[in-house]
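Here's the letter readout for the chains.
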Amino acid sequence: MARAYSQDLRDRVIDAALAGTPARHAASRFGIAIATAIRWVHQARQTGKRTPGRQGSPRRCKLDPHRDFILGLVESTPDMTISEMLECLSTERSVRACRATLWKFLDRRGLTFKKSRRMPASRTVRTS
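### Let's talk about the packing of aromatic side chains
Logical step 1: One pass over the full model with this rule turns up one aromatic pair.
Logical step 2: Summarising the aromatic geometry, the rings of tyrosine 5 and tryptophan 40 are spaced 5.6 Å apart at their centres and angled 85° between planes, so their arrangement reads as edge-to-face. Here tyrosine 5 is found in the segment before helix 1 (7-18), whereas its partner tryptophan 40 is found in helix 3 (residues 34-47), with 35 residues between them in sequence.
Logical step 3: Residue tyrosine 5 is classed as partly exposed on the basis of its relative accessible area, which comes to 41%.
Logical step 4: Note on tryptophan 40: relative accessible area 4%, which makes it buried.

### Some points on the pattern of salt bridges
Logical step 1: Tallied over the full model, the rule gives five salt bridges.
Logical step 2: Between aspartate 15 and arginine 50 there is a salt bridge, and its shortest N-O distance comes to 2.7 Å. Here arginine 50 lies in the loop between helix 3 and helix 4 (67-76) and aspartate 15 lies in helix 1, a separation of 35 residues in the sequence.
Logical step 3: Among the ionic pairs, arginine 67 bridges to aspartate 68, the shortest N-O distance being 3.3 Å.
Logical step 4: What makes aspartate 68 exposed here is its relative accessible area of 60%.
Logical step 5: By sharing partners, the salt bridges in this structure join Asp11, Asp15 and Arg50 into a single network.

Definitions and cut-offs
- Residues numbered from 1 in each chain as written.
- Predicted model: local features only at pLDDT ≥ 70, side-chain atom pairs only at ≥ 80, totals over all residues.
- Heavy atoms only, no water.
- Phe/Tyr/Trp six-rings, centres within 6.5 Å; stacked < 30°, edge-to-face > 60°.
- Helix = DSSP H or I, 4+ residues; strand = E, 2+ residues; numbered from the N terminus.
- Buried < 20%, exposed > 50% of the residue type's maximum accessible area, 1.4 Å probe, protein only.
- Salt bridge = Lys/Arg side-chain N within 4 Å of Asp/Glu carboxyl O.

Structure, rendered in structure tokens:
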């Protein structure tokens, strides 16, 4: 993916266009695409904003609409496994999701935990 242009270049193109130079001429003078210069100048004239917008799409998760239900499951039965949560989602909300999706959903909310099975006692080293 290409890097964003510097704010200095953006300001110089906009200043040149607002001073009376056509955006097409400013684009060729500063070595950028004509459509880019036109977009920058249009945005500056309409909103007064000179900074670039955020790149990329926002993170979305299919489980976000069911946030309260999932967090309620965690609060009501804190020792519930991810597989059991997925089963509850499937039966009560008709939402199908994979384990990784639910894990990422919980991880983003700081609800990570790892269950470890009880290990048999070691003959050589003490285990906890």
